[in-house]
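# An overview of the molecular structure
Below are the chains, spelled out letter by letter.
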Amino acid sequence: MHIRHPAPEITEERLDWLTYHIEPDGTQICAIRPARRRNDGVVLDRRTSQLLQVLLNEIAQDNTIPFPQARQAVLRALRRAHNHRRPTE
């Protein structure tokens, strides 16, 4: 059996999210970064961090949705949205 792998430019790399900072009121500020390039992440603002946590919580509770794939889709979408808002340098 021959397995065909997508071209490297099409392949999405796996993303992780982490707590970057905890505000005095307990709100977590999140960052999204590639699993292999840990220094290449984006820090989300307060509102987007809260949205990320709500989305992942909802996805995790719905057993009809494959969580790993849905999690990656959410992280990719938020990272792309963050990158589009930032002016190019």
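Everything that follows concerns the structure shown earlier in this document.
Described in the following lines is the structure provided in the data block. (Residues numbered from 1 in each chain as written. Predicted model: local features only at pLDDT ≥ 70, side-chain atom pairs only at ≥ 80, totals over all residues. Heavy atoms only, no water.)

### Some details on the nonpolar core
Formed by Leu15, Cys30, Ile32, Val42, Leu44, Leu52, Leu56, Ile59, Ala70, Val74, Leu75 and Leu78, the largest nonpolar core amounts to 12 residues. Taken together, the elements giving at least two residues each to this core come down to β2 (28–34), α1 (46–61) and α2 (67–85). Of the residues forming this core, the biggest block, 4 residues, is contributed by α2. (Core = buried A, V, L, I, M, F, W, Y, C linked by side-chain atoms within 4.5 Å. Buried < 20%, exposed > 50% of the residue type's maximum accessible area, 1.4 Å probe, protein only. Helix = DSSP H or I, 4+ residues; strand = E, 2+ residues; numbered from the N terminus.)

### Digging into the pairing of β2
For β2, the buried fraction is high: 5 of the 7 residues fall into the buried class. Counted along the chain from strand β1 (residues 15–22) to the antiparallel partner β2, the turn is 5 residues long, and its residue Gly26 has a positive phi close to 95°. (Pairing = 2+ DSSP bridges.)

### Digging into the environment of Gln53
Relative to the helices and strands, Gln53 resides in helix α1. Separated by 25 residues in sequence, Gln53 and Gln28 have C-alpha atoms that sit 8.9 Å apart. Leaving out residues up to four positions away in the same chain, Gln53 has contacts with Gln28 and Cys30. (Contact = heavy atoms within 4.5 Å.)

### Some words on the side chain of Ser49
Position of Ser49 among the secondary structure elements: in helix α1. Take Ser49: its relative accessible area is 0%, and that puts it in the buried class. Among residues more than four places away in sequence, those in contact with Ser49 are Gln28, Ile29, Cys30 and Leu44.

### Structural notes on the pairing of β1
Judged from the 7 bridges that link them, β1 and β2 form a sheet pairing that is antiparallel. Across the sheet, residue Asp16 finds its bridge partner in β2, namely Arg33.

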